[in-house]
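Here's the letter readout for the chains.
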Amino acid sequence: MSAVMMNASKLVMPAKGVAQRNNRTAAAKAPAMPKVHAARSVLAGQRLSARQPLRMTGDRRPVSVKAAVVEGEGGLQKVVLKSNEDVAEIYTFGGVCTSWTKNGKDVLYVRPDAKFDKSKPISGGIPHCWPQFGPGDMQVHGFARNLQWELTIATLDECVMTLVPTEESLKMWPHQFKVTQTISLKGGNLVATMNVENTDDKEFSFTGSYHTYFAVHDIADVKVGGLEGTKCLDRLTEKTSDVTEEVTIGGPVDSVYSAVSTTPLTLEVGLGRTISIGYSGWPDAVVWSPWTDMESCYREFVCVENAACDSVTVPPGMTWSASMSLHVTDQFVDPQLEAYCDANPEAAECLVYED
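Read on for an overview of the structure. (Residues numbered from 1 in each chain as written. Predicted model: local features only at pLDDT ≥ 70, side-chain atom pairs only at ≥ 80, totals over all residues. Heavy atoms only, no water.)

Details of the state of the cysteines
Phase 1 of the analysis: Summed over the entire model, instances satisfying the criterion amount to one disulfide.
Phase 2 of the analysis: Take Cys303: it sits in no disulfide, and the sulfur closest to it among the cysteines is that of Cys129, at 9.1 Å.
Phase 3 of the analysis: On the basis of relative accessible area, Cys303 is assigned to the buried category, the value being 0%. (Disulfide = S-S within 2.5 Å. Buried < 20%, exposed > 50% of the residue type's maximum accessible area, 1.4 Å probe, protein only.)

Structural notes on the side chain of Asp86
Phase 1 of the analysis: Relative to the helices and strands, Asp86 resides in strand E6 (residues 86-91).
Phase 2 of the analysis: For Asp86, a relative accessible area of 7% gives the class buried.
Phase 3 of the analysis: A polar contact of 2.9 Å, which involves the side chain of Asp86, links it to the side chain of Lys102. (Helix = DSSP H or I, 4+ residues; strand = E, 2+ residues; numbered from the N terminus. Polar contact = N/O pair within 3.5 Å; in protein donor to acceptor, adjacent residues only side chain to side chain.)

What to know about the sheet that holds strand E4 (residues 68-71)
Phase 1 of the analysis: If you trace the five strands from one edge of the open sheet to the other, you get E4-E5-E6-E7-E8, paired in antiparallel fashion. Each having just a single partner strand, E4 and strand E8 (105-106) make up the two edges of the open sheet.
Phase 2 of the analysis: Sheet topology places strand E7 (residues 96-102) next to E8; two bridges connect them, and they run antiparallel. Looking at E8, one finds that Lys102 is bridged to Lys105. (Pairing = 2+ DSSP bridges.)

Remarks on the pattern of salt bridges
Opposite charge on two side chains allows them to pair when their charged atoms are near.
Phase 1 of the analysis: The final tally for this structure, using the stated rule, is eight salt bridges.
Phase 2 of the analysis: Across the salt bridge formed by Asp200 and Lys202, the nearest N and O atoms sit 3.3 Å from each other.
Phase 3 of the analysis: For Lys202, a relative accessible area of 40% gives the class partly exposed.
Phase 4 of the analysis: Of the charged contacts in the structure, one is a salt bridge between Arg235 and Asp254, with a shortest N-O distance of 3.0 Å. Residue Arg235 is found in the loop between strand E17 (231-234) and strand E18 (239-242), and its partner Asp254 is found in strand E20 (residues 253-258); the two are separated by 19 residues along the sequence. (Salt bridge = Lys/Arg side-chain N within 4 Å of Asp/Glu carboxyl O.)

Re the pairing of strand E25 (residues 319-330)
Phase 1 of the analysis: Here E25 lies mainly inside the structure; 11 of its 12 residues are buried.
Phase 2 of the analysis: In the sheet, strand E13 (residues 189-198) pairs with E25 via eight bridges, with the strands oriented antiparallel. Looking at E25, one finds that Leu190 is bridged to Leu326.
Phase 3 of the analysis: Summarising the sheet, strand E22 (residues 273-280) and E25 pair through eight bridges and their orientation is antiparallel. Following the sheet pairing, Tyr279 is matched in E25 by Met324.

Here's the deal with the nonpolar core
Phase 1 of the analysis: Within the largest apolar cluster, 66 residues are counted, with the highest numbers of intra-cluster contacts made by Trp130, Leu227, Leu267 and Val302.
Phase 2 of the analysis: In this structure Trp130 touches His141, Gly142, Phe143, Ala144, Trp173, Phe177, Val179, Met194, Val196, Phe206 and Thr207, once residues within four positions along its chain are discounted.
Phase 3 of the analysis: One finds Tyr109, Trp288, Cys297 and Cys303 within the second-largest nonpolar core, a separate group that totals eight residues. (Core = buried A, V, L, I, M, F, W, Y, C linked by side-chain atoms within 4.5 Å. Contact = heavy atoms within 4.5 Å.)

Thoughts on unusual backbone geometry
Phase 1 of the analysis: Residue Pro131 is reached from Trp130 by a cis peptide bond, and omega for that bond is 0°.
Phase 2 of the analysis: Of note, Pro131 is situated in the loop between strand E9 (128-129) and strand E10 (150-155).
Phase 3 of the analysis: Residues other than glycine seldom take positive phi values, yet His141 does so here, at roughly 65°.
Phase 4 of the analysis: Positionally, His141 belongs in the loop between E9 and E10.

Examining the environment of Gly278
Phase 1 of the analysis: Secondary-structure assignment places Gly278 in strand E22.
Phase 2 of the analysis: With 28 residues separating them along the chain, Gly278 and Asn306 place their C-alpha atoms 9.3 Å apart.

Observations regarding the packing of aromatic side chains
Phase 1 of the analysis: By the definition in use, this model includes 18 aromatic pairs.
Phase 2 of the analysis: A centroid spacing of 5.2 Å and a plane angle of 55° characterise the contact between Tyr91 and Phe116, whose relative ring orientation is tilted. Placement of the pair is Tyr91 in strand E6 and Phe116 in the loop between E8 and E9, with a sequence separation of 25 residues. Taken individually, Tyr91 and Phe116 each receive the classification buried, so the pair is uniform in this respect.
Phase 3 of the analysis: Measuring from centroid to centroid gives 6.4 Å for Phe143 and Trp173, while their planes differ by 55°, and the two rings are tilted. On the criterion of sequence distance, the pair formed by Phe143 in the loop between E9 and E10 and Trp173 in the loop between helix H1 (167-172) and strand E12 (177-186) is long-range, its members being 30 residues apart. Pair check on accessibility: Phe143 and Trp173 agree, each one buried.
Phase 4 of the analysis: By the ring-pair criterion, three or more aromatic residues cluster together here, those being Trp130, Phe143, Trp173, Phe177, Phe204, Phe206, Tyr210, Trp282 and Trp320. (Phe/Tyr/Trp six-rings, centres within 6.5 Å; stacked < 30°, edge-to-face > 60°.)

A few points about the environment of Thr180
Phase 1 of the analysis: Among the structural elements, Thr180 can be located in strand E12.
Phase 2 of the analysis: For Thr180, a relative accessible area of 16% puts it in the buried group.
Phase 3 of the analysis: For Thr180 and Met194, which are 14 residues apart along the polypeptide, the C-alpha to C-alpha distance reads 5.7 Å.
Phase 4 of the analysis: If near-sequence neighbours (up to four positions away) are discounted, Thr180 is found in contact with Trp149, Val160, Met161, Thr162, Thr193, Met194 and Asn195.

Here we look at the pairing of E22
Two faces belong to every sheet, and in a regular strand the side chains alternate between them.
Phase 1 of the analysis: Burial runs high along E22: eight of the eight residues are buried.
Phase 2 of the analysis: Residues Arg273, Ile275, Ile277 and Tyr279 line one face of E22 and the alternating positions Thr274, Ser276, Gly278 and Ser280 line the opposite face, and both faces are buried.
Phase 3 of the analysis: Two strands pair when backbone bridges link them, and strand E21 (residues 265-270) and E22 are joined in this way by five bridges, in the antiparallel orientation. By the bridge assignment for E22, Leu265 is matched with Ile277.
Phase 4 of the analysis: Connecting E21 to the next strand, E22, in antiparallel fashion are two residues, including Leu271 with a positive phi near 55°.

That's the geometry; what it means functionally is another story.
In structure tokens:
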């Protein structure tokens, strides 16, 4: 794998628009959201107020409101971010965002076998694989998701966590570094940013990814767009191919897509939900489904990952930066109507007319 020298302190590419699926709806005009999709925010079994009180100073300027820092599962420290009806939950162990509730439904997925006792990484949400993606000289996917991160900033809609070398990390990777992870709710989106600063007196190289777990209605509904024109390496068969159409899941998948463009990926997860995955700094993408290797849950999630599969080299005093921006579009689809129309595509109520 070729090394990539980073000679700039930051790379920023704006996320672009969202491609949407043309779904059947019950009427020509957009219907009001039904109760099952009504926007709501739920935390620890309690409904949260949609409006948060804005504290003001004497001269009427807003005062910064801090995020809720609470005890999460297993007694672990958890940060709760809120923006309008959106709620995100982040654990400082592993620096992982485990939940982002949008329009009353979680965008992310945590596996039922996830542990919250520090015995292993939390399996789900947005874990980061760093400084190693996949198997290699150290533990699979590196150590960053196995360590306690320091919470350095926590406002109402943003938190910043920092990871520096520990005795344990230095045994696996003998380098000085400062990794900063920022999770924020901005303009209806969730934005995750990773900055890797080389504080050593020599260069170092790493690979990494956001190993994002997305909740799906059923794995058969999944379609990943935006990868057309890339090269695909099927890591299960070690074969390469050109991508000419959307990616669907019909069995176990572990594929790397190299040299992806700056156009956001699109992920259809069923029931009218489409997720746009914008990114900058990540040159590759990965799609993973364990299929029946995880019999109890494989139909409920898919991993679509932003990645750097080839080594990234950072000189002393320099910083590498990469980000991911998630945007959700929900168009309500009646599951019973969908099933009926799948069986009766020529029925009048199932025909779709272009304007």
